[in-house]
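# Fold and contact review
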Amino acid sequence: MDFQHRAGGKTGSGGVASSSESNRDRRERLRQLALETIDINKDPYFMKNHLGSYECKLCLTLHNNEGSYLAHTQGKKHQTNLARRAAKEAKEAPAQPAPEKVKVEVKKFVKIGRPGYKVTKQRDPETGQQSLLFQVDYPEIAESIGPRHRFMSAYEQRIEPPDRRWQYLLFAAEPYETIAFKVPSREIDKAETRFWTHWNRETKQFFLQFHFKVEKALLAPPGQAVSVGVKRPPSLITGLGPRPHSDSMPPPPPGGMHGMPPGAPMMPHMHPQMPPPGALPPHLRPPLHMDG
């Protein structure tokens, strides 16, 4: 008898669902969720028998469809059996030792002091670039070890207060102490012919040379070379200005001329003698008065 569409009937006005109905509804929701999120073909315990039904090889249960099996996998019985199987396999499996970490042996050397060195300042006559050539001697260097070098900014070191105008060039080789050179903090030319190193295994000498980049090239007058990076002094005054008149010259000090005792006779005032007109430059010669 259809009670849904009868007069006065109201959908959803039935009584409270029983526990069996609630469980059935819960299993249906779990089945729908499992169908959307779980790939049943990857389940190792899922098996389809010759009758067309489905079995759980872990719990030995029989299911009529895939949804029933998926709802079973979310239940308490299946989850408990999964935990038991995992504990059994962990107990029977042989204990595998943890992989050993690769240990890097730290080479320890007794420091024997600082190496000898020589620094040469050079300038390229063609480009005007300034360069530094370092020669460091390592006569007692350890076998199979080569010298190393690196540039360090002033903010990396902790020996001196940081100064952005300087940087440091470090040389290291065991068993010698690491040495550093303080050089100007200018851009370094990393071209192949401008930055090179060489380690001479026979003489145990390490060479390094680098060039500074030219910051600003100054124009030189024709026939005169100007050093790059050095400011030219202002040109000297070549012309002579008008000489002051003799009446405008300051009087001698009250105590007399320097080096003469007070009261000594004064030297007679001598008017400056002008050289003959022919000995002066053309622009300093006095004008010639022509009589009409």
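The following paragraphs examine the structure supplied in this document. (Residues numbered from 1 in each chain as written. Predicted model: local features only at pLDDT ≥ 70, side-chain atom pairs only at ≥ 80, totals over all residues. Heavy atoms only, no water.)

### Quick look at the environment of F151
Keep this limit in mind: Every helix listed is a DSSP run of H or I at least four residues long, and every strand listed is a run of E at least two residues long, numbered separately from the N terminus. Throughout, a residue-residue contact means that at least one pair of heavy atoms, one from each residue, lies within 4.5 Å.
On the secondary structure map, F151 appears in strand β6 (residues 148–153). The sequence separation of F151 and F171 amounts to 20 residues, and the corresponding C-alpha distance is 9.2 Å. When neighbours within four sequence positions are excluded, F151 is seen to be in contact with Q167, Y168, L169, I188, F195 and F210.

### Some words on the sheet that holds strand β8 (residues 179–184)
To keep it simple, the criterion reads: Note on pairing: DSSP must find at least two bridges between two strands before they are called paired. For helices, the fitted axis covers only the stretch in contact; all axes are lines through C-alpha atoms, and the angles between them, taken along N-to-C directions, range from 0 to 180 degrees.
Pairing is antiparallel across the open sheet formed by 3 strands, whose spatial order is β6-β7-β8. One side of each edge strand has no neighbouring strand; the edge strands of this open sheet are β6 and β8. Across the sheet, the mean angle from the axis of one strand to that of its neighbour is 25°, orientation sign disregarded. As paired strands, β6 and strand β7 (residues 166–172) are joined by 6 bridges and run antiparallel to one another. The partner of F151 across the bridge, within β7, is L169.

### Some details on the packing of aromatic side chains
Formally: Only Phe, Tyr and Trp rings are paired, with Trp represented by its six-membered ring, and only when their centres lie within 6.5 Å; those with planes under 30 degrees apart are stacked, over 60 edge-to-face, the remainder tilted. Burial classes: relative accessible area under 20% of the type maximum marks a residue as buried, over 50% as exposed, and values in between as partly exposed (1.4 Å probe, protein chains only).
Inspection of the entire model under this criterion finds 12 aromatic pairs. When the centroid spacing of 5.8 Å and the interplanar angle of 45° are considered together, the rings of F134 and F171 count as tilted. With F134 in strand β5 (residues 130–137) and F171 in strand β7, this pair connects stretches of sequence that are 37 residues apart. Ring plane angle 70° and centroid distance 5.9 Å describe the contact between F171 and F206, whose orientation is recorded as edge-to-face. Within this pair, whereas F171 is found in strand β7, its partner F206 is found in strand β11 (residues 205–212), the two being separated by 35 residues in sequence. Note on F171: relative accessible area 1%, which makes it buried. Looking at F206, the relative accessible area reads 5%, which means it is buried. Each residue in the set Y117, F134, F151, F171, F181, F195, F206, F210 and F212 is aromatic and connected to the rest through ring pairs, giving one cluster.

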